[in-house]
There are 2 protein chains.
Amino acid sequence: MKILVVEDDLSLSDVLAFTLRRAGFDVVTAHDGLAALKAWQTANPNLVILDLNLPKLDGMSVCRQIRSQSDTPIIILTVRSGDEDVVKGLELGADDYVVKPFSPKQLVARVRAVLRRADATPATSTVLATAHLSLDRSRNEAMRPGSPPIRLTPLEARLLETLLLNAGHVLTAEALVDAVWGAEGGDRAMLKQLVYRLRSKIEPDPSQPFYIETVPGVGYALTDPDADFPG
Amino acid sequence: MKILVVEDDLSLSDVLAFTLRRAGFDVVTAHDGLAALKAWQTANPNLVILDLNLPKLDGMSVCRQIRSQSDTPIIILTVRSGDEDVVKGLELGADDYVVKPFSPKQLVARVRAVLRRADATPATSTVLATAHLSLDRSRNEAMRPGSPPIRLTPLEARLLETLLLNAGHVLTAEALVDAVWGAEGGDRAMLKQLVYRLRSKIEPDPSQPFYIETVPGVGYALTDPDADFPG
DNA sequence: CGGGCCGGTTACAATGTGGTAACAAATCTT
DNA sequence: AAGATTTGTTACCACATTGTAACCGGCCCG
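Residues numbered from 1 in each chain as written. Chains lettered and ligands numbered in written order. Predicted model: local features only at pLDDT ≥ 70, side-chain atom pairs only at ≥ 80, totals over all residues. Heavy atoms only, no water.

Taken together, the neighbourhood of DNA strand C is formed by 17 residues, with Lys192, Tyr196 and Arg199 of chain A together with Arg199 and Thr214 of chain B sitting nearest. A share of 51% is what sugar and phosphate atoms reach among the atoms of DNA strand C within 4 Å of the protein. Between DNA strand C and the protein, one listed contact pairs a phosphate oxygen with a side-chain N or O atom of tyrosine 196 of chain A at 2.7 Å. Here tyrosine 220 of chain B contributes a side-chain N or O atom positioned 2.9 Å from a phosphate oxygen of DNA strand C. (Near = heavy atom within 4 Å. Polar contact = N/O pair within 3.5 Å; in protein donor to acceptor, adjacent residues only side chain to side chain.)

Here the focus is the sheet that holds strand β12 (residues 219–222) of chain A. The pairing of strands in a sheet comes from backbone hydrogen bonds and takes either a parallel or an antiparallel form. Residues and elements named next belong to chain A. One open sheet holds the 3 strands; their spatial order is β10-β12-β11, and the pairing between them is antiparallel. Strands at the two margins of the open sheet, each flanked by one partner only, are β10 (170–172) and β11 (212–215). Neighbour to neighbour, the strand axes of the sheet diverge by 30° on average, direction disregarded. Direction of pairing for β11 relative to β12: antiparallel, over a ladder of 4 bridges. Opposite glutamate 213, over in β12, you have alanine 221 as the bridge partner. (Pairing = 2+ DSSP bridges. Helix = DSSP H or I, 4+ residues; strand = E, 2+ residues; numbered from the N terminus. Axes fitted to C-alpha atoms, helices over the stretch in contact; angles between N-to-C directions.)

This brings us to the packing of aromatic side chains. For the structure shown, the criterion picks out 2 aromatic pairs over all chains. Between phenylalanine 210 of chain A and tyrosine 211 of chain A, the aromatic rings sit 5.0 Å apart at their centres with planes inclined by 80°, giving edge-to-face as the arrangement. (Phe/Tyr/Trp six-rings, centres within 6.5 Å; stacked < 30°, edge-to-face > 60°.)

Our next topic: the side chain of aspartate 136 of chain A. Tracing the chain through its elements places aspartate 136 of chain A in strand β7 (residues 134–136). One buried charge, aspartate 136 of chain A, has no salt-bridge partner; the nearest side chain with opposite charge is arginine 139 of chain A, at 4.1 Å. (Buried < 20%, exposed > 50% of the residue type's maximum accessible area, 1.4 Å probe, protein only. Lys, Arg positive; Asp, Glu negative; His and termini not counted. Salt bridge = Lys/Arg side-chain N within 4 Å of Asp/Glu carboxyl O.)

This part covers unusual backbone geometry. With the exception of glycine, most residues fall at negative phi, and the peptide bonds are largely trans. With a phi angle near 55°, asparagine 140 of chain A is a residue other than glycine that sits in the positive phi range. In this fold, asparagine 140 of chain A is placed in the loop between β7 and β8 (141–143).

This paragraph deals with the pairing of strand β1 (residues 2–6) of chain A. Residue and element names in this part refer to chain A. For β1, the buried fraction is high: 4 of the 5 residues fall into the buried class. Taken together, the 5 bridges between β1 and strand β2 (residues 26–30) define a ladder with parallel strand orientation. Bridge assignment links valine 5 to a residue of β2, and that residue is threonine 29. Handedness of the β-α-β unit built from β1, helix α1 (residues 10–22) and β2 comes out right-handed. (Right-handed = clockwise from strand over helix to strand, strands pointing away.)

Residue and element names in this part refer to chain B. Where helix α7 (residues 173–181) meets helix α8 (residues 188–202), the axes come as close as 10 Å, and the angle between the chain directions of the two elements is 80°. When the axes of α7 and α8 are compared, the pair comes out roughly perpendicular. Where α7 approaches α8, its residues Ala173, Glu174, Leu176, Val177, Val180 and Trp181 are matched on the opposing element by Arg188, Met190, Leu191 and Leu194. Across the contact of α7 with α8, the residue classes tally to 8 nonpolar, no polar and 2 charged. (Parallel < 35°, antiparallel > 145°, perpendicular 65-115°, else oblique. Contact = heavy atoms within 4.5 Å. Nonpolar A, V, L, I, M, F, W, Y, C, P; charged D, E, K, R; others polar.)

With that settled, consider the pattern of salt bridges. Evaluated as defined, the whole model comprises 9 salt bridges over all chains. We note a salt bridge from arginine 137 of chain B to glutamate 161 of chain B, for which the minimum N-O separation is 3.1 Å. Of this pair, arginine 137 of chain B sits in the loop between β7 (134–136) and β8 (141–143) while glutamate 161 of chain B sits in helix α6 (residues 154–165), placing them 24 residues apart in sequence. On the accessibility criterion, glutamate 161 of chain B (16% relative accessible area) is buried. With a shortest N-O distance of 3.2 Å, glutamate 141 of chain B and arginine 151 of chain B are connected by a salt bridge. Pair noted here: glutamate 141 of chain B is in strand β8 and arginine 151 of chain B is in strand β9 (residues 150–151), with a separation of 10 residues, a long-range link. Residue arginine 151 of chain B is classed as partly exposed on the basis of its relative accessible area of 33%. Connected through salt bridges with shared partners, the residues Glu213 of chain A together with Arg139, Glu141 and Arg151 of chain B form a single ionic network.

Close contacts around DNA strand D come from 15 residues, with Thr153, Trp181 and Arg197 of chain A together with Thr153 and Arg197 of chain B the closest. Sugar plus phosphate: this is where 61% of the atoms of DNA strand D within 4 Å of the protein reside. Interatomic distance of 2.4 Å between a side-chain N/O atom of threonine 153 of chain A and a phosphate oxygen of DNA strand D. At a separation of 2.4 Å, a base oxygen of DNA strand D approaches a polar side-chain atom of arginine 197 of chain A. Counting only elements with at least two residues in the surface near DNA strand D, the list comes to α6 (154–165) and α8 (188–202) of chain A together with α6 and α8 of chain B. Classifying every residue of the surface near DNA strand D gives 8 nonpolar, 4 polar and 3 charged.

Encoded structure:
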């Protein structure tokens, strides 16, 4: 996975590059808008992290340019908080945004969430599975051995996918909301709702969940017989 | 939990160390930038509290250095308020900052908040244990060999976590209250209550506690068969 | 011997959280 | 355009969690 980081503050750019590399990504950097576009064309990254105020060509324009030619996921980096800049960035087609200051962990989490969402879309023959349960991501169907496939709605499928990708681990409500709805929209109450709907489809006895475990005050986890002992 | 305090003002440094130790942390101190880096490498702390103006190597550089090699949480300590220094520190990857002058309680609260945020995220081995008892912090479950897991409430889990982190050592009531409830809220009476509730869940015979020992007039301690014999 | 302090225990109220349900708005199908 | 599906919204209930107070018994100390 290759990430293009566009940030004019060199020290911050370094920190970002370091953090992302340590998280296992390839990183390319650019420090102004024009260089960003050039780098984007030559490096063809899977995701762009984009500061909004840049020399030579501002972030908005870069975002618009990239969006007009592809649907590479874009995460906007902005110091201004809580106002229309953010909204505008998202309107331009950005997939998420992070407001400075932010912690490295937070950024990596967002990057992962966006990438997961992005490559979940295409109808590749993605089948995720544990011993008990599998999900055909191209058809949005959940299957249990010996039972007919169950049709899921897109949101339900994304939720189950996220749980499946972390089978055996507890995911916080916040992480799940992020993974399913992204930065905008999404809410603990809606997650509750969605979990309920998913359970009522895949749990043989919804009143006593077998697959989706609740961890009160924390979140949910998918039961995995092959749960990995720490390593 | 080990904390590295980097502060050149010796009297302040002493106060910090004392405060943090009383709150149940291990503390290592350094008084200039170079010593800080050295101490960081050898002590490998879970969190760094970092003054910005230091002799020999300034705080910014120390921060950048540490950040370039790990994501140990960093809290910046600064006397300058409300200007870009703080922002810059945060951009370098610090996780929080505290402006002097500050109250010890406030600092401890920030430290706890940052630590909680830091280790709430990953799927690291969130299992603490002694020979008799272990705690899965991600699920808030206590386990005794041969018995099914016991579900704990968030507060109970935090209490047990604190005890477990200092297994074999006596913790004062005050330290425990601080650890569980943070700077605000919390009360000796509530601790009594919480200890009772935790005991009734994990002690086979609550009337004769085996795990959680009471030290009258002082606090509580968790029994640890591997308590540190000197060496 | 009696009072007061301390910790354990019990009871209860206030609050929070998750599960369930019903309904409206938006979207997709046909 | 009509109907079905999906999603967002709200409300409600049951129960868990937490905070608060009171009570009891031992123990120290005068």
